[in-house]
Amino acid sequence: MVSKRRLSKSEDKETLTENASDARKQPPSKKTKKTHVYYEVEENDSAFIKLLKTSGIILKTGESQNQLAVDQIVFQRKLFQTLRKHPSYPKIIEEFVNGLESYIEDQDIFRNCLLSCERLQNEEASMGTSYSKSLIKLLLGIDILQPAIIKTLFEKLPEFLFESMNSDGINMPRLIISQLKWLDRVVDGKDLTTKIMQLISIAPVHLQHDFITSLPEILGDSQHADVGKELSDLLTENTSLTVPILDVLSSLRLDLQLLSKVRQLVMSKLSSVKLKDLPVIIKFILHSITAMDALEVISELRKRLDVQHCILPPWFLASQSKMKNKGQTRSSGNQENSDEDCVFLVFDIIKSAVRYEKTISDAWIKAIEHIASESEHKTFDLVMLLIIYSTNTQAKKYIERVLRNKIRSGCFHKDLLQSTFSVHYLVLKDVCPSILSLAQNLLHSLDQSIILFGSLLYRYAFKFFDTYCQQEVIGALVTHICSGNEAEVDIALDVLLELVVVNLSVMRLNAVFVKGILDYLDKMSPRQIRKLFYLLSTLAFSQQLDGSSHIQDDMHLVIRKQLSSTIFKYKLIGIVGAITMAGIMALDRSRFSSLIQGKADLSNEQYTQVTSLLQLVHSCSKQSPQASVLYYDEFANMIQIVKLAPKVLEWVGQTIFNDFQDAFVVDLCAVPKGNYPFPVKALYGLEEYNSQDGIAINLLPLLFSQDFAEDEGRRTSQESDHKLVSPLCLAPYFRLLRLCVEKQHNGNLEEIDGLLDCPILLTDLEPGERLESMSDKERSFICSLICLTLNWFREVVNAFCRQMSPEMKGKVLTRLKHIVELQGILEKYLAVTPDCSPPLAAFDLETLAVTPHASTVFSAKIKKQGITGRRNRKAGGNKTSSHEMISKEDGSECDPTPSNRGQLEKVLE
């Protein structure tokens, strides 16, 4: 039988260490055990057994549970009274404890005494709880027994310190320590503190951790200061116990000076601690902050804490996943997940601190606000501002002000924001509603840099968050578009267009929200209408899927309704929308044939839809010159930027070629005769033409028919043959024609090169002496004629200016000379015609530059720009018209700047 070892208050660590060492040398299997018959009642004449039985505890032998016949409180009261009233009190206490020590020398019996007692089933009217404490726990609840019982437990504990866990999974040291937790009263707290700290100093590392973390549940408030001091000393000696010690210190009521000392110690080691230890360390640091040192501590914490390098970005994790699928080890992947969980826990602790401690949240905002250098800002700063914004409603205005200042100064830029979402997207996903609320407020700003930052919040929230957040992003953007604020509409449309590139499939799932914007078209500018129809057309026609037909139907209905209107504002919507939609429908997808199951060209049904739509726009716009020219300009912009399917391009080219000849080209042998106020002459020809086969641009007769003939009720002989087209359509229609020819023939303009040098039907424009004698109407007519001629020459120069042939270069230079001459003549007429109003040249009433930040296809600028290409011969020939002649009125000088086709390719992918 193992001799009993006792620990008195005077014994020090060496004695406890020696006892533990002896226990380790003597395995429990070699200890002498009493022989019992299992599951029988313990019967002997010791005072210990008799007193327990009298008080209501029946001790069982072996592994069976001890039985409690009365309520726990009743048992403790009976035993206490029996001991106090015993004739040999207080000697009976020593006799009782000696009996306990003898009884628990058997390991199985000792374990049984540490486990909960069994309540008798036939017990009547029990007022206690269903849970029963262990025998040792019940004895510890009796004040006169507690010191001796604690002493006995600490004498027994060293026997088990170095044992492995029992087969039933019970760890005896932990079970013994658990008896000391949550005692109603500790009789001698100082003695208990001394004993447990001695035990911690000799215990194995894994038990040290458990013993330390049990301290707050064992000690009373009066022992917190002593334990805190000893733990801080232990922290300095043994850094491996940092986590459990800090965890306990956070739960104790300690002196602020001691907390500050420990905080400085751990703060100095913050950059070198293991990531798994970081949550507890951060919790302790935040717990130890006071109002006086909050700003200083938070400033130092944000400098030393850098969780960005603890998380691998999503693209790296994806590559690691691919490697693991090829047979790489999975241990690194598990480590990555563990690290991510640790960082997530760190942010949870910080989030809780800033939510409930205004001092901490205010100090954190100020710490970030006081950073002056752009390079010192980290992703952690942005994450913290967004977290505080979501948790502290009172600080929202303050955070918005800090953010605006940082954005204006360039400290918070696109790269930093992207890195923040890329690294901390799991943390930010939980505050998605607040991020969207912040983005909405930033978009109301007048500062472009702030508006851009707000739009980036929407973009990255959509890119990095889950489906629910993506839907919320789209809903918020649609709300901006429907607000009617032009700046908000523009930026929101730009963001939606980019989201189509980022994730077309998700945008299709939420197309019903975007489709609702069609109800607000009358509040949009033409540029915004282009963006919207490009967006909807992409969702409806790119890689057609089931479910997109409802978008197509709604778009067709809106376009037909607007085109049928007699009000130009609404007809403009129909023209812009129809051309934009046709461009997406007729897109050449041959480069993506592998992605769309080999369908490189349009089907017959798709071809019919496109041509029918274009014919509808043509027929609905021909009654208005203004609408006609807008149609030509929009069509030309689309042709220049979008690569149409060959079948559609061929149809468009042939139709426009024939219609242009019928509308504006006449043979020199058939110069129209009529009662014109000025003699008609073929001027500005660059070659000698045979009057039998030469061609000319029929300008003056068309302009006369528009300006004079209608007023005087006269008709020219030519008008009896077919309906005339407005001369305003000349330059825009030619621009559309030459862009079609360029696309069809890879930049070769030989098919229409006759239009470069052919003459124009005009009259002598040099005023001479007759200027003063001309009427105002005649002078205005000549001014309009000169303006239309200038527009024609400019468009011709645009078409042929990049030809490499010396002959072509010479002709272009000659046309430039003509432009200069005509401008000089026009100045003379304008000097005496102050009320002259030149013909309109732009018909959407605004710039055509609509390219969103990175993804819009249809863009243009009101400027003259040369187009590469080469084709040379005349446009004469067969004049068979496939359409009724178009009635148009304006000549736009718009020549779009080609946008990045790569964005369109991304959409199709």
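Just so you know, these numbers come straight off a predicted model, no measurement behind them.

Participant: Describe the environment of Ser 505, and please don't skip the residues or the numbers.
Facilitator: One can find Ser 505 in helix H26 (residues 504-509). Here the alpha-carbon distance between Ser 505 and Leu 539, two residues 34 residues apart in the chain, equals 8.7 Å. Reaching out from Ser 505, the side chain makes a polar contact with the side chain of Asn 503 at a distance of 2.7 Å.

Participant: So what's going on with unusual backbone geometry? Residues and values would help.
Facilitator: A cis amide bond links Tyr 89 with the next residue in sequence, Pro 90, at an omega value of 10°. Phi at Tyr 684 is positive, roughly 65°, even though this residue is not glycine. Locating Tyr 684 in the fold gives a position in the loop between strand E5 (681-683) and strand E6 (695-697). Located in the positive-phi region is Asn 746, a residue other than glycine, with phi close to 55°. Position of Asn 746 relative to the elements: it lies in the loop between helix H35 (730-744) and helix H36 (754-757). For Asn 746, a relative accessible area of 76% translates into the label exposed.

Participant: Help me get a handle on the packing of helix H18 (residues 358-369) against helix H19 (residues 379-391), residues and values and all.
Facilitator: Between H18 and H19, the least distance of the axes is 10 Å, while the angle of their chain directions is 140°. When you trace H18 past H19, the crossing you get is left-handed. Judged by residue contacts, Ser 361, Trp 364, Ile 365 and Ile 368 of H18 engage Phe 380, Asp 381, Met 384, Leu 385 and Ile 388 from H19. Tallied by class, residues from the contact of H18 with H19 come to seven nonpolar, one polar and one charged.

Participant: Help me get a handle on the environment of Arg 508, residues and values and all.
Facilitator: Assignment of secondary structure puts Arg 508 in helix H26. Its relative accessible area of 16% is what places Arg 508 among the buried residues. Between the C-alpha atom of Arg 508 and that of Leu 536, which follows or precedes it by 28 residues, the distance is 9.4 Å.

Participant: Any chance you could break down helix H5 (residues 107-114) for me, citing the residues and the numbers?
Facilitator: Counting buried positions over the eight residues of H5 gives eight, a clear majority of the element. Turning to H5, its buried residues number three or more, namely Gln 107, Asp 108, Ile 109, Phe 110, Arg 111, Asn 112, Cys 113 and Leu 114. Buried-residue contacts for H5 involve helix H4 (91-103), helix H6 (135-140), helix H7 (146-156) and helix H8 (172-178). Where H5 begins, one side-chain oxygen reaches toward the backbone nitrogen of Asp 108, 2.9 Å away; that side chain belongs to Asp 106.

Participant: Kindly report on the environment of Pro 727, identifying the contributing residues and their values.
Facilitator: In this fold, Pro 727 is placed in the loop between helix H34 (700-712) and H35. Considered as a pair, Pro 727 and Leu 788 are 61 residues apart in the sequence and their alpha carbons are 7.6 Å apart.

Participant: Tell me about the confidence of the model for the protein chain, and name the residues and values.
Facilitator: Segments scoring low in pLDDT should not have their predicted coordinates read at a detailed level. On average, the protein chain scores 80 in pLDDT, and the residues at 70 or more come to 78%. Below a pLDDT of 50 lies the segment residues 709-722, which in the model reaches 18 contacts outside its immediate sequence neighbourhood of four places, other chains included. This model gives residues 847-909 a pLDDT under 50, and the stretch forms 278 contacts once residues within four places in sequence are excluded.

Participant: If you had to explain the nonpolar core to someone new, which residues and values would you point to?
Facilitator: Counting residues in each nonpolar core, the largest one holds 280 residues, and the members touching the most others are Leu 286, Trp 364 and Leu 755. Examining the composition of this core, we find that 14 residues originate from one element, helix H37 (residues 776-800), more than from any other.

Participant: Mind laying out the sheet that holds strand E2 (residues 67-68), listing which residues take part and the relevant values?
Facilitator: Taken in spatial order, the three strands make up an open sheet running E1-E2-E3, and their pairing is mixed. The sheet is open, and its two edges are formed by strand E1 (57-58) and strand E3 (118-119), each paired on a single side. Here E2 runs beside E3; their pairing, made up of two bridges, is parallel. What sits directly across from Gln 67, in E3, is Glu 118.

Participant: So what's going on with the packing of H4 against H7? Which residues, and what values?
Facilitator: Remark: H4 packs on H7, axes separated minimally by 10 Å, with the N-to-C direction vectors making an angle of 25°. Compared by their axis directions, H4 and H7 come out roughly parallel. H4 and H7 meet at a crossing whose hand is right-handed. Contacts between H4 and H7 involve Val 97, Leu 100 and Glu 101 from the former and Ala 148, Ile 149, Thr 152 and Glu 155 from the latter.

Participant: Report on the pattern of salt bridges, specifying residues and quantitative values.
Facilitator: As a working rule, side chains carrying opposite charge can pair if their charged atoms are close by. Within this structure, the stated rule accounts for 29 salt bridges. Between Arg 185 and Asp 143 there is a salt bridge, with its nearest N and O atoms 2.9 Å apart. With Arg 185 in the loop between H8 and helix H9 (189-202) and Asp 143 in the loop between H6 and H7, this pair connects stretches of sequence that are 42 residues apart. Assessed through its relative accessible area of 45%, Arg 185 is described here as partly exposed. The exposure class of Asp 143 is partly exposed, given its relative accessible area of 33%. Here Glu 634 makes a salt bridge to Arg 530, at a shortest N to O gap of 2.4 Å. In this pair, Glu 634 is assigned in helix H32 (residues 625-641) and Arg 530 in helix H28 (residues 526-541), connecting sequence segments 104 residues apart. Look at the salt bridges and you will find they share partners, linking Glu 486, Asp 490, Asp 494, Arg 527 and Lys 531 into a network.

Conventions adopted
- Numbers given for residues are sequential positions, taken from 1 along each chain in its written order.
- Confidence filtering applies because this is a predicted model: local features only for residues at pLDDT of at least 70, side-chain atom pairs given and counted only at 80 or more, and all residues used for totals across whole chains, interfaces and linings.
- With hydrogens and water stripped out, all remaining heavy atoms of the structure feed into the side-chain values.
- Put simply, DSSP H or I for four residues or longer makes a helix, DSSP E for two residues or longer makes a strand, and each gets a number counted from the N terminus.
- Think of a polar contact as two N or O atoms within 3.5 Å of one another; within protein, one of them needs to be a possible hydrogen donor and the other a possible acceptor, and neighboring residues in sequence only count if both atoms come from side chains.
- Burial classification: accessible surface area is computed with a 1.4 Å probe over protein chains only, and a residue below 20% of its type maximum counts as buried, one above 50% as exposed, and the rest as partly exposed.
- Lines fitted to the C-alpha atoms define the axes, with helices restricted to the stretch that makes contact. Angles between their N-to-C directions range from 0 to 180 degrees.
- Less than a right angle of anticlockwise turn of the near helix away from the far helix marks a crossing as left-handed, whereas a clockwise turn marks it as right-handed.
- Any two residues whose heavy atoms approach within 4.5 Å at even a single point are treated as in contact.
- Residues are grouped as follows: nonpolar covers Ala, Val, Leu, Ile, Met, Phe, Trp, Tyr, Cys and Pro; charged covers Asp, Glu, Lys and Arg; every other residue, Gly included, is treated as polar.
- What pLDDT reports is the predictor's confidence in each residue, on a scale of 0 through 100.
- Residues belong to one nonpolar core when they are buried, are Ala, Val, Leu, Ile, Met, Phe, Trp, Tyr or Cys, and are joined through side-chain atoms within 4.5 Å.
- Strands pair, by our definition, only if DSSP identifies at least two bridges between them.
- An angle below 35 degrees is treated as roughly parallel, one above 145 as roughly antiparallel, one from 65 to 115 as roughly perpendicular, and anything else as oblique.
- Criterion for a salt bridge: a side-chain nitrogen of Lys or Arg within 4 Å of a carboxyl oxygen of Asp or Glu.

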